[in-house]
Amino acid sequence: MNDSESVGRAASDVVRAEDAAATRAAGQRFAERLGPGDLVILSGELGAGKTTFTQGVAEGLGVRGPITSPTFVLARVHPSLTGGPALVHVDAYRLGSLPELDDLDLDASVEDSVTVVEWGEGKAEVLAEGRGGHYVVRFDRSREDDVREIVFERS
Ligand SMILES: Nc1ncnc2c1ncn2[C@@H]1O[C@H](COP(=O)(O)OP(=O)(O)O)[C@@H](O)[C@H]1O
Ligand SMILES: [Mg+2]
């Protein structure tokens, strides 16, 4: 491995998920590095696996489910069952812009929770502007029906 390769690998991780269970498992593993105040933006087209991944994150965090795709609800709070941070699950797919997360009338504060935002393809950068550290997780469908490529970036 040469230097530029190792730098590239440090900048982002890629996971290949063969099916929905693998995407859930990737979310569950990813949850191990999450703590209070963390923001995670999930980027990808409809059906790419963002909600499936969030179900895994919820399992990993030990919060109350179920995690569903909200049609009319912008955000849901899932309290911890284990004394850890709550999960705030935001689905902004249909929105052109996101109100300040703090302006949402949530039953939890963003500072004390892990916030996961499902966002449409290519919109994640807009949301992330002007914020501190956050994760971006991108979901790409491959030519094989059920395979997803999941790219993790820390910004
Ligand atoms: N590798 C995979 N990862 C995630 N979902 C998959 C995968 N293969 C098939 N699927 C299916 O694709 C759909 C993904 O839906 P969902 O997670 O709600 O996507 P999104 O939230 O991005 O719109 C589910 O029906 C799931 O069962
Ligand atoms: Mg979804």
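Note: the structure precedes this text.
Below is a summary of the structure that appears in this document. (Residues numbered from 1 in each chain as written. Chains lettered and ligands numbered in written order. Predicted model: local features only at pLDDT ≥ 70, side-chain atom pairs only at ≥ 80, totals over all residues.)

Glycine aside, residues mostly have negative phi, and peptide bonds are mostly found in the trans state. Geometrically, the link from Gly-65 to Pro-66 is a cis peptide bond, its omega value of -5 degrees lying close to zero. Relative to the assigned elements, Pro-66 resides in the loop between helix H3 (50-61) and strand E3 (75-78). (Helix = DSSP H or I, 4+ residues; strand = E, 2+ residues; numbered from the N terminus.)

Here the focus is helix H2 (residues 20-30). Every buried residue belonging to H2 is among Thr-23, Arg-24, Ala-26, Gly-27 and Phe-30, and all of these are buried. Along the axis of H2, the buried residues cluster in a sector spanning 155 degrees; they form a single face. Each element contacted by the buried residues of H2 is listed here: strand E1 (12-17), H3 and strand E7 (148-154). (Buried ≥ 20, exposed ≤ 12 C-beta atoms within 10 Å, placed from the backbone. Arc of directions from axis to C-beta. Contact = placed C-beta atoms within 7 Å.)

What follows is about the environment of Gly-27. Tracing the chain through its elements places Gly-27 in helix H2. Separated by 24 residues in sequence, Gly-27 and Thr-51 place their C-alpha atoms 10.0 Å apart.

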